[in-house]
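Structural features, examined
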Amino acid sequence: MESPQVSLGCTTWRCPDGSFTKTILEPGSGVDKPKERGVCMIFLCSSSGPGYPAGSWVEVELGEGDTAQDRLVDQCLESMLQGEVCQVDSPLGFQLVLRLKSFEKGTEAWELEPSEKIQRAKKDREKGGMAFRDGNIEGAERRYTRGLRHLVCTPSEAEEEKVALLSNLAACDLKKRRFREAEVRCTRILDLDPNHLKALYRRGIARAGMSDWEGARGDLEKLLKLDPGNKEAKRELVSVREKEKIAQAQISKALGKMFL
């Protein structure tokens, strides 16, 4: 299939978040557009980015990819009509010419039964864990955030899954050195479960990252009372105590100078 060429009169649309610019080369028909989890049959006429081979039909499920280009394709498809052909340009350096042949609209979270929402959230947590272990923190965050979105207005049996997703998002925050965000998430968990081991550890690390040595020490000491064999917590507690002593010494020295 030959790649469509941009011609005069093509409509160009910029995504509100600035993630891509779309030029419609051939308009589609109808009014419906793909939704998250919708299965789309697409043809990539050309591609300058990795992961999507040009010149072939591909079936994709919106939201099931975890790379930056997956997200770009998803966002573009959510704006397309059946039969539409468009050129997509991204500030990240990707360029695609994409044809949407057909799609199944998919089902949004609010349309699901509570048990289905919980199952989808679990799947997102598992896929997010795989992305996290592969070093794809953005992909992991996307999965965990979507999992939590599925659990809005769900019954009490979803609380355990919510806690797991919040804890995993806190791990992403720590990877990106967003210590305040990690502390807030872990505090939400500990308000529900004061003895949650991972939340105590991650809040301790977050507080240490903000130089809140007393708070970090309190979290890690409590964790070690609950789990005395936790080697990582022991190592972090030694570091926190040493840094707390240094900080206290510096404060004492500064106060002493005030009264000379």
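About the thresholds
- Residues numbered from 1 in each chain as written.
- Predicted model: local features only at pLDDT ≥ 70, side-chain atom pairs only at ≥ 80, totals over all residues.
- Heavy atoms only, no water.
- Helix = DSSP H or I, 4+ residues; strand = E, 2+ residues; numbered from the N terminus.
- Rg over C-alpha atoms; globule rule 2.2 N^0.38 Å.
- Buried < 20%, exposed > 50% of the residue type's maximum accessible area, 1.4 Å probe, protein only.
- Contact = heavy atoms within 4.5 Å.
- Areas by Shrake-Rupley, 256 points an atom, 1.4 Å probe, with all protein chains shown as cover.
- Lys, Arg positive; Asp, Glu negative; His and termini not counted.
- Charge placed at Lys NZ, Arg CZ, Asp CG, Glu CD.
- Phe/Tyr/Trp six-rings, centres within 6.5 Å; stacked < 30°, edge-to-face > 60°.
- Lys NZ or Arg CZ within 6 Å of the ring centre and 35° of its normal.
- UniProt positions renumbered as here; feature names shortened; annotations may be inferred.
- Salt bridge = Lys/Arg side-chain N within 4 Å of Asp/Glu carboxyl O.
- Expected span 1.5 Å × (residues − 1).
- Arc of directions from axis to C-beta.
- Disulfide = S-S within 2.5 Å.
- Axes fitted to C-alpha atoms, helices over the stretch in contact; angles between N-to-C directions.
- Parallel < 35°, antiparallel > 145°, perpendicular 65-115°, else oblique.
- Left-handed = near helix turned anticlockwise from the far one by under 90°.

1. Remarks on the overall build of the protein
Broken down by element type, the protein carries 8 helices and 6 strands. Counting from the amino terminus, the protein carries its helices and strands in the arrangement β-β-β-β-α-β-β-α-α-α-α-α-α-α. Whereas a compact globule of 260 residues would reach a radius of gyration of roughly 18 Å, the protein reaches 24 Å, over 25% beyond that. Considered along the principal axes of its C-alpha atoms, the protein spans approximately 80 × 50 × 30 Å. Residue burial in the protein is summarised as follows: out of 260 residues, 43% are buried. Taking all contacts inside the protein whose residues are at least 6 apart in sequence as the whole, residues at least 24 apart take part in 57%. Here the protein displays about 14,400 Å² of accessible surface, and carbon together with sulfur accounts for 51% of that area. Across the protein, 43 positive and 42 negative side-chain charges occur, with their mean positions spaced 6 Å apart.

2. Description of the packing of aromatic side chains
Under the criterion given, the structure shown has 2 aromatic pairs. Between Phe 43 and Trp 57, the ring centres sit 4.9 Å apart and the planes meet at 65°, which makes this aromatic pair edge-to-face. Separated by 14 residues along the polypeptide, Phe 43 in strand 3 (residues 39-47) and Trp 57 in strand 4 (residues 56-61) bring together distant segments of the chain. On the basis of relative accessible area, Phe 43 is assigned to the buried category, the value being 5%. The positively charged end of Lys 101 is found above the aromatic ring belonging to Trp 57, 5.4 Å away from the centroid.

3. Side note on the UniProt feature "repeat: TPR" (unreviewed entry) in the protein
Per the UniProt record, the feature "repeat: TPR" (unreviewed entry) sits at residues 197-230. Between the end C-alpha atoms of residues 197-230 the distance is 10 Å, and the span holds 79% helix and 0% strand.

4. Notes on the pattern of salt bridges
Under the definition given, this model contains 27 salt bridges. Between Glu 161 and Arg 125 there is a salt bridge whose closest N-O contact spans 2.5 Å. With Glu 161 in helix 4 (residues 159-175) and Arg 125 in helix 2 (residues 114-133), the pair connects residues that are 36 residues apart, well separated along the chain. Glu 161 sits in the buried class, given a relative accessible area of 6%. A salt bridge links Glu 138 to Lys 176, with the shortest nitrogen-to-oxygen separation between them at 3.3 Å. You can see Glu 138 sitting in helix 3 (residues 137-150) and its partner Lys 176 sitting in the loop between helix 4 and helix 5 (179-192), a full 38 residues away along the chain.

5. Some points on helix 5
Taking 1.5 Å as the rise per residue, helix 5 with 14 residues should run 20 Å; its terminal C-alpha atoms sit 20 Å apart, in good agreement. What helix 5 keeps buried is the set Phe 179, Ala 182, Glu 183, Cys 186, Ile 189 and Leu 190. Looking straight down helix 5, one finds that the buried residues subtend no more than 125° of arc, so they occupy a single side. Opposite the packed face of helix 5, turned more than 90 degrees from it, sit the exposed residues Asp 191 and Leu 192. Those residues of helix 5 that are buried are in contact with helix 4 and helix 6 (197-209).

6. What about the state of the cysteines?
Taken as a whole and judged by the stated rule, the model has 0 disulfides. Looking at Cys 15, it has no disulfide partner, and the nearest cysteine sulfur is the one in Cys 76, 9.3 Å off. Cys 86 supplies the cysteine sulfur nearest to Cys 76, a cysteine that is in no disulfide, at a spacing of 3.6 Å. For Cys 76, a relative accessible area of 1% gives the class buried.

7. Some points on the packing of helix 4 against helix 6
Where helix 4 contacts helix 6, the axes come no closer than 10 Å and their chain directions differ by 25°. On the basis of the axis angle, helix 4 is roughly parallel to helix 6. The interaxial crossing formed by helix 4 with helix 6 has left-handed handedness. Residue-level contacts link Ser 167, Asn 168, Ala 171 and Leu 174 of helix 4 to Lys 198, Arg 202, Ile 205 and Ala 206 of helix 6.

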